[in-house]
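Residues per chain are reported as follows:
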Amino acid sequence: MGDNKHIVLTSHPPRGAAKPPGVAWGAPTAKERGPVVGSLKNPHQRNVIGVHSGAYGLYRALAVAAGASQEWQRNVTDALERLRTTWDDHIAKTEADGGFFTQILRDEPRLDAAVKRLRLEHDELSTRTEKLLARCQESTLDADEVEVLRAEVLELLGKAARHRQHGSDLIYEAYQVDVSVGD
């Protein structure tokens, strides 16, 4: 496998790196594109956006006792807003002209169906997030509504985790599997 058939994923950028390395998503090779850094410990060094931090913040907001339901609801609303912002950034970076999906399809056109599935997941997750956020912003929820909302948000987080796995599968298929005919 040549140098142009991989994506560097790392949570540990080089020591002393003050700025994140640039990414040229439309570059014809991985070497020209540059490394992809998704650091959780050093957000100032990150040059890609994932949904981990937004999802984790939402999970934490849900885990708190809902005894003071207005405060719980406010915390969940804030976490859903952060998730929506992170999600919108993720979609913009992956679906933009010259973005991640463009690169995948240029390198491996056979993965068109997988990219389409991820785009559909983007739409579904965005719609679900918006609906849940609207419910949180409507009025104060009673105890039964809190439990229903909790279950629906946990379902959303599960779908987001599966989406993240589908994205990892796509990267693996594009850059780690040799599907050419051998001897």
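To start, this report covers the structure provided alongside it. (Residues numbered from 1 in each chain as written. Predicted model: local features only at pLDDT ≥ 70, side-chain atom pairs only at ≥ 80, totals over all residues. Heavy atoms only, no water.)

Scanning the protein for helices and strands turns up six helices and two strands. Counting from the amino terminus, helix and strand elements in the protein follow one another as β-α-β-α-α-α-α-α. Looking at the protein as a whole, 34% of its 183 residues are labelled buried. For the protein, the share of sequence-separated contacts (at least 6 apart) that also reach a separation of at least 24 residues comes to 71%. When the accessible area of the protein is evaluated, it comes to approximately 10,800 Å², of which 53% is carbon and sulfur surface. (Helix = DSSP H or I, 4+ residues; strand = E, 2+ residues; numbered from the N terminus. Buried < 20%, exposed > 50% of the residue type's maximum accessible area, 1.4 Å probe, protein only. Contact = heavy atoms within 4.5 Å. Areas by Shrake-Rupley, 256 points an atom, 1.4 Å probe, with all protein chains shown as cover.)

Attention shifts here to helix α4 (residues 100–107). Taken together, the buried positions of α4 are occupied by F100, F101, Q103, I104 and D107. Here the buried residues of α4 occupy an arc of 160° about the axis, which is enough to place them on one side. (Arc of directions from axis to C-beta.)

Further remarks concern a nonpolar patch on the surface. A grouping of Y56, Y59 and L154 is seen on the molecular surface, where their side chains present a nonpolar patch of about 330 Å² in accessible area. Within the secondary structure, Y56 sits in helix α2 (residues 52–63). Owing to a relative accessible area of 45%, Y56 belongs among the partly exposed residues under this scheme. (Patch = residues over 30% accessible without salt bridge, like charges linked within 9 Å, V, L, I, M, F, W, Y side chains within 5 Å. Salt bridge = Lys/Arg side-chain N within 4 Å of Asp/Glu carboxyl O.)

Moving on, we come to the environment of E95. Relative to the helices and strands, E95 resides in helix α3 (residues 69–95). It is 9.8 Å that separates the C-alpha atoms of E95 and L118, two residues lying 23 residues apart in sequence. Apart from the residues within four sequence positions on either side, E95 is in contact with F101, R119 and H122. Looking at E95, its side chain comes within polar contact range of the side chain of H122, at 2.6 Å. (Polar contact = N/O pair within 3.5 Å; in protein donor to acceptor, adjacent residues only side chain to side chain.)

Any two side chains of opposite charge can pair, so long as their charged atoms come close to each other. Under the counting rule described, the total for this entry stands at 11 salt bridges. The shortest N-O distance in the salt bridge between E130 and R84 comes to 3.3 Å. In this pair, E130 sits in helix α5 (residues 112–138) while R84 sits in helix α3, placing the two residues 46 residues apart along the sequence. By relative accessible area, R84 is classed as partly exposed at 26%. Sharing partners across several salt bridges, the network here consists of E124, R128, E155 and K159.

What follows covers the packing of α4 against helix α6 (residues 143–175). A packed helix pair is summarised by two numbers, namely the angle formed by the two axes and the spacing between the axes. Where α4 meets α6, the closest approach of the two axes is 10 Å, and the angle between their N-to-C directions is 35°. Both α4 and α6 take part in a crossing whose hand is left-handed. Contact residues: F100, F101, Q103, I104 and D107 in α4; L170, I171, A174 and Y175 in α6. Here the residues of the contact of α4 with α6 are counted per class, giving seven nonpolar, one polar and one charged. (Axes fitted to C-alpha atoms, helices over the stretch in contact; angles between N-to-C directions. Left-handed = near helix turned anticlockwise from the far one by under 90°. Nonpolar A, V, L, I, M, F, W, Y, C, P; charged D, E, K, R; others polar.)

A complete count under the given rule lists one cavity of 30 Å³ or more for this structure. In this model, the largest cavity occupies a volume close to 50 Å³. Residue lining of the largest cavity: L83, W87, L125, T129, L156 and A160, and that is the complete set. Mapped by element, the contributors of at least two residues to the lining of the largest cavity are α3, α5 and α6. For the lining of the largest cavity, the residue count by class is five nonpolar, one polar and no charged. (1 Å grid on protein atoms, 1.4 Å probe; cavity = no way out; pocket = protein on both sides within 12 Å on 5 of 7 lines; lining within 4 Å. Points joined across faces, edges and corners; volume = space filled by probe spheres on them.)

The next point concerns the packing of aromatic side chains. To describe a pair of aromatic rings, one takes the distance between the centres and the angle between the planes. Inspection of every chain in the model, using the stated rule, returns one aromatic pair. An angle of 45° between the planes, with centres 6.2 Å apart, marks the rings of F100 and F101 as tilted. Relative accessible area serves as the criterion here: at 11%, F100 is assigned to the buried category. By relative accessible area, F101 is classed as buried at 3%. (Phe/Tyr/Trp six-rings, centres within 6.5 Å; stacked < 30°, edge-to-face > 60°.)

That is the geometry; function is a separate question.
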